[in-house]
Amino acid sequence: MGGEWGQSDICPESAQECTYVGQDHLDMDLGAITKYSALHAKPNGLILQYGTAGFRTKAEHLDHVMFRMGLLAVLRSKQTKSTIGVMVTASHNPEEDNGVKLVDPLGEMLAPSWEEHATCLANAEEQDMQRVLIDISEKEAVNLQQDAFVVIGRDTRPSSEKLSQSVIDGVTVLGGQFHDYGLLTTPQLHYMVYCRNTGGRYGKATVEGYYQKLSKAFVELTKQASCSGDEYRSLKVDCANGIGALKLREMEHYFSQGLSVQLFNDGSKGKLNHLCGADFVKSHQKPPQGMEIKSNERCCSFDGDADRIVYYYHDADGHFHLIDGDKIATLISSFLKELLVEIGESLNIGVVQTAYANGSSTRYLEEVMKVPVYCTKTGVKHLHHKAQEFDIGVYFEANGHGTALFSTAVEMKIKQSAEQLEDKKRKAAKMLENIIDLFNQAAGDAISDMLVIEAILALKGLTVQQWDALYTDLPNRQLKVQVADRRVISTTNAERQAVTPPGLQEAINDLVKKYKLSRAFVRPSGTEDVVRVYAEADSQESADHLAHEVSLAVFQLAGGIGERPQPGF
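Residues numbered from 1 in each chain as written. Predicted model: local features only at pLDDT ≥ 70, side-chain atom pairs only at ≥ 80, totals over all residues. Heavy atoms only, no water.

**Some remarks on the overall build of the protein**
From N to C terminus, the protein includes 18 helices and 20 strands. Taken over C-alpha atoms, the radius of gyration comes to 25 Å for the protein, in line with the 25 Å a tight globule of 569 residues would show. When its C-alpha atoms are laid out on the principal axes, the protein stretches across 75 × 65 × 45 Å. Each of the 569 residues in the protein was classed as buried or not, and the buried ones make up 57%. Sequence-distant contacts, at least 24 apart, represent 70% of the contacts inside the protein between residues at least 6 apart. As displayed, the protein offers around 23,400 Å² of accessible surface, 49% of which is attributable to carbon and sulfur atoms. (Helix = DSSP H or I, 4+ residues; strand = E, 2+ residues; numbered from the N terminus. Rg over C-alpha atoms; globule rule 2.2 N^0.38 Å. Buried < 20%, exposed > 50% of the residue type's maximum accessible area, 1.4 Å probe, protein only. Contact = heavy atoms within 4.5 Å. Areas by Shrake-Rupley, 256 points an atom, 1.4 Å probe, with all protein chains shown as cover.)

Shown next as structure tokens:
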């Protein structure tokens, strides 16, 4: 389909097949939907839930879901009178999995009420499909006469091409038009949707447009770096054997005067996300396979669909140091704050974290940088939503997913300042203007974040070790406890306190008192019957002890099953 405008070849063959139900607004060709739905039949008894990451499961169970998400994207497009995105990916999951998520008009994640529609539609038995589609249309007052436009992207998994064809079948059977971008990183699809719905104000909705916008901003910034003359900057990038490698390779010549990238795990031989990628590096606290690291070399890892990034290096003694989302947010927000001070603008800047953010990062931001920090529930949509409340909102999850958002008023103000102010102030305003262009404000984006980080390190003349030394992470430990039913645990205060079962929070409070600089919290997993435990303290030994004791309390009070949690890691 190589990016052609399309009406596909599956249009109803004759007018006789058209069945109109009820009022004008139910103008759906139900005969054709039933017919084509049968070609994408749902396996009996399969139940899936649309979560933060959309749908994800084994690729062979997804054909019907893809077709139906094509249908849903058309309804959402008609309802919002906007272009909607459909991304076929399972991000950092193993290669044999796949998934799909819808992208709303401003490049953000699907609205919660439509997540429910997605779940309903995906799980409907064949004979109930028509009823569910009609229900959604009526509930959401969809005008079926309205034109619909859907853009589609996919990652490099072997199953992705066929599955994205199923999405196209769903779009066309409901009379929607589409543009198939083919292979894209997830954040690139978010970017395309945002561009198309802002009439090109945000940028040009092509891959070229994306490369040019970001690279131009990056090259402008690095030109102002005093150290770029004496050391040619280079970076090793682990691409998780995913789409990030393809896109970075296409893009690198645009920014090569400011940075040279060496790509590893580029998909030519390894398996997607296997022993590599941001998720592997973060959870195993070690470099990916297939990358030789000399001491003090800057390295980073993307995840499978290039929406997360973490940095790391080996020190002179060969010890591994991880620089995660917390430290990335700290570098970015400190730099933005310094630029604002330089320009003389008092805009409200906020950093948004989750309960998993290391206590040292929160302390450094609040006490040293004097930047306010806010905590939300886990999940990108909560962070993104909170960040929109500020003139400048920076959010990152510890796993390396994040970005910065700038209000329209701020963008206008900075543009003016870059034209009107004198010398030093003008230079700072110009920098900020370029930084704004360098961020993908639609979604966390590993390529964009990498260029932002590289530009800031160059401008500040910081080495990776100096960046790492901004603060020292408190030792921490994360554990999982198996329970019969995760719903017995409910939380409040951005998941930092347990409300039920009774007595659990009191038990945690008593345990925390035994250790210095300590805190701990528990929360139910969003996907399986386990409770996640997080503990931090002044030493690794204390953090391990605290995590173990909290796990025991969960096991006893929240219906633990199987073996009691054992000490030792």
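**Quick word on the sheet that holds strand β14 (residues 392-396)**
If you walk across this open sheet you meet the four strands as β13-β12-β14-β15, and the pairing is mixed. Edge positions in the sheet fall to β13 (373-376) and β15 (402-406), since each of these pairs with one other strand and no more. Across this sheet, the average inter-strand angle for adjacent strands is 20°, counted without regard to direction. As defined by bridge partners, strand β12 (residues 349-354) adjoins β13 across four bridges and the pair is classed as parallel. Paired with V351 across the strands is V373, a residue of β13. Contacts from helix α11 (residues 359-368) reach β12 and β13, with the element oriented near 170° to β12. (Pairing = 2+ DSSP bridges. Axes fitted to C-alpha atoms, helices over the stretch in contact; angles between N-to-C directions.)

**Describing helix α5 (residues 160-173)**
Its 14 residues give α5 an end-to-end C-alpha distance of 20 Å, which sits within 8% of 20 Å, the value for a rise of 1.5 Å per residue. Of all the 14 residues making up α5, 11 are buried; the element is thus mostly covered by neighbouring parts of the structure. When α5 is considered as a whole, its buried residues turn out to be S160, L163, S164, S166, V167, I168, D169, G170, V171, T172 and V173. The elements touched by buried residues of α5 are α1 (30-39), α2 (63-80), β3 (83-88), β4 (97-103), β5 (149-154) and β6 (177-183). (Expected span 1.5 Å × (residues − 1).)

**Focus: the sheet that holds strand β10 (residues 309-314)**
Pairing is mixed in the open sheet, where five strands are placed in the order β8-β7-β9-β10-β11. Edge positions in the sheet fall to β8 (260-264) and β11 (320-323), since each of these pairs with one other strand and no more. The mean inter-strand angle of the sheet, taken between neighbouring strand axes irrespective of direction, is 30°. Across four bridges, the pairing between β10 and β11 is antiparallel. Within β11, the position partnered with Y313 by the bridge is H321. Seen against the sheet, helix α8 (residues 243-255) touches β7 (234-238), β8 and β9 (299-302) and runs at an angle of roughly 165° to β8. Running at roughly 50° to β10, helix α15 (residues 446-460) makes contact with β7, β8, β9 and β10 of the sheet.

**Concerning the packing of aromatic side chains**
This model, assessed by the stated rule, comprises 15 aromatic pairs. Residues Y356 and Y534 carry aromatic rings whose centres are separated by 5.8 Å and whose planes lie at 85° to one another, so their mutual orientation is edge-to-face. In this pair, Y356 is assigned in the loop between β12 and α11 and Y534 in strand β20 (residues 530-536), connecting sequence segments 178 residues apart. Considered together, Y356 and Y534 belong to a single accessibility category, that of buried residues. Seen in terms of ring centroids, F521 and Y534 are 5.3 Å apart; in terms of plane orientation they differ by 25°. Their pairing is stacked. (Phe/Tyr/Trp six-rings, centres within 6.5 Å; stacked < 30°, edge-to-face > 60°.)

**Some remarks on unusual backbone geometry**
The amide bond that connects T500 to the next residue, P501, takes the cis arrangement and shows omega of -5°. Note on placement: P501 falls in the loop between β18 (497-500) and α17 (504-512). The backbone phi angle of L275 is positive, close to 55°, even though this residue is not glycine. With respect to the secondary-structure elements, L275 resides in the loop between β8 and α9 (278-284). One non-glycine residue with positive phi stands out, namely Q285, at about 50°. By the secondary structure assignment, Q285 is in the loop between α9 and β9. On the basis of relative accessible area, Q285 is assigned to the partly exposed category, the value being 45%.

**Section: the UniProt feature "domain: Phosphoacetylglucosamine mutase AMG1" (unreviewed entry) in the protein**
Mapped onto this numbering, the UniProt entry annotates "domain: Phosphoacetylglucosamine mutase AMG1" (unreviewed entry) at residues 205-310 and 324-461. For the annotated span residues 324-461, helix accounts for 59% and strand for 14% of the residues, and the straight-line distance between the end C-alpha atoms is 20 Å. (UniProt positions renumbered as here; feature names shortened; annotations may be inferred.)

**Side note on the pattern of salt bridges**
Taken as a whole, this structure holds 31 salt bridges when the rule is applied. Measuring nitrogen to oxygen at the nearest pair gives 3.2 Å for the salt bridge that ties R523 to E495. With a gap of 28 residues between them, R523 in strand β19 (residues 519-524) and E495 in the loop between β17 (490-492) and β18 connect regions that are remote in the sequence. Just as R523 is buried, E495 falls in that class too. Connected via shared salt-bridge partners are R233, R298 and E454. (Salt bridge = Lys/Arg side-chain N within 4 Å of Asp/Glu carboxyl O.)

**What to know about the environment of G325**
Mapped onto the elements, G325 comes out in helix α10 (residues 325-343). For the pair G325 and I309, spaced 16 residues apart in the sequence, the C-alpha separation amounts to 7.7 Å. Not counting residues up to four positions away in its chain, the partners in contact with G325 are F396, E397, A398 and G400.

**Regarding the packing of α10 against α11**
Taken N-terminus to C-terminus, the directions of α10 and α11 make an angle of 10°; their axes are 10 Å apart at the nearest point. Between α10 and α11, the crossing angle belongs to the class labelled roughly parallel. In this structure, α10 uses D326, T330, S333 and S334 to contact α11, whose residues at the interface are S361, Y364 and L365. Class assignment for the residues of the contact of α10 with α11 results in two nonpolar, four polar and one charged. (Parallel < 35°, antiparallel > 145°, perpendicular 65-115°, else oblique. Nonpolar A, V, L, I, M, F, W, Y, C, P; charged D, E, K, R; others polar.)

**Here we look at the nonpolar core**
Membership of the largest hydrophobic core comes to 89 residues, with the highest contact counts inside it found for V237, F255, F302, M450 and L451. In terms of residue count, α15 provides more of this core than any other element does, 11 residues in total. Among residues more than four places away in sequence, those in contact with F302 are V237, D238, A240, G244, L248, G277, A278, R308, I309, A446, I447 and M450. (Core = buried A, V, L, I, M, F, W, Y, C linked by side-chain atoms within 4.5 Å.)

**Some words on α15**
Helical geometry note: an α-helix holds 3.6 residues per turn, so side chains three or four residues apart project in the same direction. With 15 residues, α15 ought to run about 21 Å at 1.5 Å a step, and its terminal C-alpha atoms sit 21 Å apart, in line with that. Among the 15 residues that make up α15, 14 are buried, leaving the element largely enclosed by the rest of the structure. Two to three positions downstream of the cap, the backbone nitrogen of I447 sits 3.0 Å from a side-chain oxygen, assigning the N-cap of α15 to D445. G461 sits one or two residues past α15 and shows a positive phi near 65°. (Polar contact = N/O pair within 3.5 Å; in protein donor to acceptor, adjacent residues only side chain to side chain.)

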